[in-house]
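# Fold and contact review
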Amino acid sequence: MALNYIWIALFTIGVIVGVVKLVFLQDYEALPEMMDSTFKMSNTAFEMTLGLTGTLTLWMGILKIGEDSGLVDKLARFLSPVLTKLFPEIPANHPALGSIFMNISANMLGLDNAATPVGLKAMQELQSINDKKDTASNSMIMFLVLNTSGLTIIPVSIMAYRSKFGAADPADVFIPLLLTTMCSTLVGLLTVSLYQRINLFQKNILIMLGSIAILVAALFTAISGMDNEQMQHFCRLLTACLILGTILLFIYSGVHKKLNVYNSFIEGAKGGFHVAVSLIPYCVAILAAVGVFRASGALQMIQDGLTWCVEWCGLNSDFVGAVPVALMKPLNGAGARGMMLECFESFGPDSFVGHLASVLQGSTDTTFYILAIYFGSVGIKKYRYSVACGLMADVAGMIAAVFFSYFFFG
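Everything in this summary refers to the structure shown in the same document. (Residues numbered from 1 in each chain as written. Predicted model: local features only at pLDDT ≥ 70, side-chain atom pairs only at ≥ 80, totals over all residues. Heavy atoms only, no water.)

## Thoughts on helix 13 (residues 298-312)
An ideal rise of 1.5 Å per residue puts 21 Å on 15 residues; helix 13 measures up with 21 Å between its terminal C-alpha atoms. Buried within helix 13 are the following residues: Ala298, Leu299, Gln303 and Val310. End-on view of helix 13: buried residues confined to an arc of 140°, all on one side of the axis. Of the residues in helix 13, the exposed ones pointing more than 90 degrees away from the buried face are Trp308 and Trp312. Positioned one or two residues after helix 13, glycine 314 has a phi angle of 80°, which is positive. (Helix = DSSP H or I, 4+ residues; strand = E, 2+ residues; numbered from the N terminus. Expected span 1.5 Å × (residues − 1). Buried < 20%, exposed > 50% of the residue type's maximum accessible area, 1.4 Å probe, protein only. Arc of directions from axis to C-beta.)

In structure tokens form, the structure reads like this:
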């Protein structure tokens, strides 16, 4: 329901701003530009969704091999002592636990294309045990908020964009970004746990959090002393090894079970196109509204108003230049990425605004986009408190991004 109101608000505010420009400023291009933006963003949504088809097909085929070989079941049994505490509705050893872990792992490594199909698969499995098919279950909400909080260990894509724009040290946002996403994920986890009355001070959960801390420390140790080029090569190599290793693990698990691996892959991959097509309406709805809101100038007005308020309070307003990234991030990842690149172009990637824009881009994930896509793929219409929890994680990530950016780059 919250997404419904936000969607209506984006269109309404955009049109009102456009009409005001026409009547009082005699800006005769305002409404036509908004109309053009609607068509442009709708086409972008269509192209972006179809562009996901290849990745969906690949990973749904690989997952099918894992299901047929029993590897997903083994993974679920291994993880069930921890994940069943966070997802008490899911039966122990259910394959959804394996898909959830794989999705979260891919997100931690910044592998958006790999994470999405696995996440959609997890949602389908969660829907299979959902008693109310049109209402989000507790497990779905926990899974979605962990996704939208965007915990990232290796921000590969952000470092690549910074390098492309000539940053002296593209990887210098590594530590502040990691700290920021840890804050947003912790707030998201705590918020959902309060709603669902989950006790986080349990042995298995504490062991999991401690293991993550050890892995992060090991990663810091591995990259300490590396120069920028060495660090980027290390991150790319680690990412490639993890993805290719996962694919080979699934394939040879099928070989070990004497499956016809190729046929299993084809059977699973057939669903990739159908899933991608089912996502088109949800993408078009979100991006069209964002396009109207942005083209109307409402986003720029908010930024200007915020600058005035901050300066009136006597505070440093340097961070305001990167605020469009924060405002766009919960709505649309591509829009937020475009805002980040605009900050690079206007202020430079090594400026304070450039650094802050980079951290904000990776601070959380695209909350409304993920809600629309993941819930839409299984026909969920009642989101319950998922939007509220997701936005709390977003706000925590944005505040942490500003704080750590001032600390490291201010």
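## Remarks on the packing of aromatic side chains
Here the structure, examined in full by the defined rule, presents 10 aromatic pairs. Considering the side-chain rings of tryptophan 7 and phenylalanine 11, the 5.2 Å spacing of their centres and the 80° angle between planes classify their relative orientation as edge-to-face. Of the two residues, tryptophan 7 and phenylalanine 11 both sit in helix 1 (residues 2-25), four residues apart, roughly one turn of that helix. The class for tryptophan 7 is partly exposed, based on a relative accessible area of 34%. Here phenylalanine 407 and phenylalanine 408 contribute two aromatic rings whose centre-to-centre distance is 5.1 Å and whose plane-to-plane angle is 80°, an arrangement assigned as edge-to-face. Owing to a relative accessible area of 62%, phenylalanine 407 belongs among the exposed residues under this scheme. By relative accessible area, phenylalanine 408 is classed as partly exposed at 36%. (Phe/Tyr/Trp six-rings, centres within 6.5 Å; stacked < 30°, edge-to-face > 60°.)

## Quick look at the nonpolar core
Counting residues in each nonpolar core, the largest one holds 80 residues, and the members touching the most others are Phe87, Met123, Phe143 and Phe375. The greatest single-element share of this core, amounting to nine residues, is contributed by helix 12 (residues 261-295). With sequence-adjacent residues up to four places away left out, methionine 123 is seen in contact with Met140, Phe143, Leu144, Tyr374, Phe375, Ser377 and Val378. (Core = buried A, V, L, I, M, F, W, Y, C linked by side-chain atoms within 4.5 Å. Contact = heavy atoms within 4.5 Å.)

## Comments concerning the packing of helix 9 (residues 174-196) against helix 10 (residues 203-223)
The contact between helix 9 and helix 10 brings their axes to 13 Å, and the two run at 175°. With respect to each other, helix 9 and helix 10 are oriented roughly antiparallel. Seen from helix 9, the contacting residues are Phe174, Ile175 and Leu178; seen from helix 10, they are Val216, Leu219, Phe220 and Ile223. Of the residues assigned to the contact of helix 9 with helix 10, the class counts are seven nonpolar, no polar and no charged. (Axes fitted to C-alpha atoms, helices over the stretch in contact; angles between N-to-C directions. Parallel < 35°, antiparallel > 145°, perpendicular 65-115°, else oblique. Nonpolar A, V, L, I, M, F, W, Y, C, P; charged D, E, K, R; others polar.)

## With respect to unusual backbone geometry
For glutamine 26, which is not glycine, the phi dihedral falls at a positive 55°. Residue position: glutamine 26 is located in the loop between helix 1 and helix 2 (30-51). Residue class for glutamine 26 comes out exposed when judged on its relative accessible area of 53%. Even without a glycine there, the phi angle at lysine 258 is positive, about 60°. Relative to the elements of secondary structure, lysine 258 occurs in the loop between helix 11 (228-256) and helix 12. By relative accessible area, which is 76% here, lysine 258 ends up exposed.

## Some thoughts on the side chain of lysine 121
Residue placement: lysine 121 occurs in helix 6 (residues 112-128). Non-local contacts of lysine 121, meaning those with residues more than four positions away in its chain, are made with Leu63, Glu67 and Ser99.

## With respect to the side chain of threonine 180
Along the chain, threonine 180 turns up in helix 9. Residue class for threonine 180 comes out buried when judged on its relative accessible area of 0%. Discounting residues that sit within four places of it in the chain, threonine 180 has contacts with Val359, Ser363, Gly397, Ala400, Ala401 and Phe404.

## Overview of the pattern of salt bridges
A complete count under the given rule lists four salt bridges for this structure. The salt bridge partner of lysine 382 is aspartate 134, with a shortest N-O separation of 3.9 Å. Taken together, the residues lysine 382 in the loop between helix 17 (367-377) and helix 18 (386-409) and aspartate 134 in the loop between helix 6 and helix 7 (138-149) connect sequence positions 248 residues apart. Here lysine 382 falls in the partly exposed class, since its relative accessible area comes to 47%. Salt bridges sharing partners connect three or more residues here, namely Lys64, Asp68 and Glu267. (Salt bridge = Lys/Arg side-chain N within 4 Å of Asp/Glu carboxyl O.)

## Section: the packing of helix 12 against helix 17
Where helix 12 contacts helix 17, the axes come no closer than 9 Å and their chain directions differ by 155°. As summarised for this structure, helix 12 and helix 17 are arranged roughly antiparallel, according to the angle between their axes. Seen along the crossing, helix 12 lies across helix 17 with a hand that is right-handed. For the pair helix 12 and helix 17, the contacting residues are Leu279, Tyr282, Cys283 and Ile286 in the first and Phe368, Tyr369, Ala372, Ile373, Gly376 and Ser377 in the second. Taken together, the residues of the contact of helix 12 with helix 17 sort by class into eight nonpolar, two polar and no charged. (Left-handed = near helix turned anticlockwise from the far one by under 90°.)

Shape is all these values report; function is a separate question.
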